[in-house]
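# Architecture and fold: a report
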Amino acid sequence: MGKNAIVGQSGGPTAVINASLAGVFQACDRRGVPHVYGMRHGVAGLLKEQYVDLSETLRSSLEIELLKRTPSSYLGSCRYKLPPLDKDEQGIYPRLFAILDKLDIGYFFYIGGNDSMDTIAKLSDYGRAIGSEIRFMGVPKTIDNDLMATDHTPGYGSAAKYIALVMKELVRDATVYDVDSVTVVEIMGRNAGWLTAAAALAKAEDCEGVDMICMPEIPFNVEHFIQKVARMQAQKRALLIAVSEGVKLADGRYVCELADDARYVDAFGHKNLTGTARYLSNQLAAQLGVKTRSIELSTLQRCAGHVTSRTDITEAFQVGGAAAKAAFEGHTAEMIALERLSDDPYQCTTRPWDIHKIANLEKKVPLEWINDDRTAMKEEFLHYARPLIQAELTPIYIDGLPRHTYL
């Protein structure tokens, strides 16, 4: 009898992360893997021996289809940082590998972003050091689109589609009244502005689009921002501005920290970023005397399963299956990357990539894709992003609402 597999989900969820889980499970199941276990709440849950046998919960093709269409993390998630290998004072690595040996695991899959790829790198390094034959594979997932090596990440396309859709609707709403007004929309993105850049996709024949885009790649100056808004309002009464939650001052401080709110810090040392739009809209109201409104899209960006991109959900499923296939073929310490073959027609394939060239690195928006004024996106970005938001996968509706599956 062959070895078993285990799969986990980590970090912030997306609208299509479960499609990757379905891809891993289905590839393992069809390969004849005896048991495909799912970690409850990632590595943190595995350390507590919390897991399920997915063969018992995903019994039918209907369950698989519901899983693909269910947003957020079916298995639960975590933000858990493994210690450096040489500083494992609590013996976490031996405990984890003892659990994996107990379950007779031969294939380990982790679906996540930068921090999750760090987990794969550390586990594979420890496994190699002790002579373990377990194969460790990373499956990319993040709405932030900031993983190296891959053209884009599953999860980004659907989040970008949601953002562009909401921006079109907000443009229509913002222009209802004949008064000076500024709407500031806060979009996720700690150190990379891929999501905020997606606001540019709203511009079309039927929509004038957003008036300004502010991203972490460009140092932010509050006074210059206010002056820019004042100049723009002299030409247009109602303005809509998209701003990344992670915009920073030249000294490295996040703009939201100027509000001096209490900040939660997670296991990876990441501060909870919120309040950027609120702070900026308050400053505009105070200094310009205009009507302002702040909107935080917050977690809606990552869980809007009703507007997923078919391209995105298809690729999320594909990278899960590709990770399993690579593991069966002997690959380990790698992540499945998406490689774009052409733009028109859009074609993309998968390939495994050394995890050590991905973990703890961040891919930023190329500065050459941002206009000279640093407040809008050039056609190069639109050409890159448009294929990722195409088509839809309609949810299965019951009594007027999408049907989900959950543990």
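Above this text you will find the structure in question.
These remarks concern the structure in this document. (Residues numbered from 1 in each chain as written. Predicted model: local features only at pLDDT ≥ 70, side-chain atom pairs only at ≥ 80, totals over all residues. Heavy atoms only, no water.)

Moving on, we come to the sheet that holds strand β8 (residues 238-244). One open sheet holds the four strands; their spatial order is β7-β8-β6-β9, and the pairing between them is parallel. Lying at the two open borders of the sheet, with one neighbouring strand each, are β7 (212-214) and β9 (291-296). On average, adjacent strands in this sheet sit at an angle of 15° to one another, irrespective of strand direction. When strand β6 (residues 181-187) meets β9, the two strands line up parallel, connected through six bridges. Bridge pairing links threonine 183 to arginine 293 in β9. Helix α10 (residues 276-288) rests against β6, β8 and β9 of the sheet, and its axis sits at about 175° to β9. (Pairing = 2+ DSSP bridges. Helix = DSSP H or I, 4+ residues; strand = E, 2+ residues; numbered from the N terminus. Axes fitted to C-alpha atoms, helices over the stretch in contact; angles between N-to-C directions. Contact = heavy atoms within 4.5 Å.)

Attention now moves to the pairing of strand β5 (residues 135-140). In terms of residue burial, β5 counts as a mostly covered element, since five of its six residues are buried. With six bridges connecting them, strand β4 (residues 105-112) and β5 associate as parallel partners. The residue bridging tyrosine 107 from the neighbouring strand is arginine 135, located in β5. Since β4 and β5 lie parallel, the crossover through helix α6 (residues 114-130) that links them has a hand, and here it is right-handed. When β5 meets strand β10 (residues 334-343), the two strands line up parallel, connected through two bridges. (Buried < 20%, exposed > 50% of the residue type's maximum accessible area, 1.4 Å probe, protein only. Right-handed = clockwise from strand over helix to strand, strands pointing away.)

Aromatic ring pairs: the centre-centre distance and the angle between the two ring planes describe each pair. Evaluated as defined, the whole model comprises 14 aromatic pairs. Measuring from centroid to centroid gives 5.0 Å for phenylalanine 97 and tyrosine 126, while their planes differ by 55°, and the two rings are tilted. Taken together, the residues span a long stretch of sequence, with phenylalanine 97 in helix α5 (residues 92-102) and tyrosine 126 in helix α6 at a distance of 29 residues. Considered together, phenylalanine 97 and tyrosine 126 belong to a single accessibility category, that of buried residues. (Phe/Tyr/Trp six-rings, centres within 6.5 Å; stacked < 30°, edge-to-face > 60°.)

Met167, Ile187, Met377 and Phe381 are the most contacted members of the largest nonpolar core, which totals 43 residues. Every element with two or more residues in this core is listed here: α7 (156-174), β6, α8 (194-197), β8 and α13 (379-385). Among the elements that line this core, the one with the most residues is α7, at 10 residues. When near neighbours in sequence (up to four residues on either side) are disregarded, methionine 377 contacts Ala197, Ala200, Ile213, Met215, Val365, Trp369 and Ile370. Among the nonpolar cores identified, the runner-up in size contains 33 residues, and Ile105, Leu123, Met335 and Ala359 belong to it. (Core = buried A, V, L, I, M, F, W, Y, C linked by side-chain atoms within 4.5 Å.)

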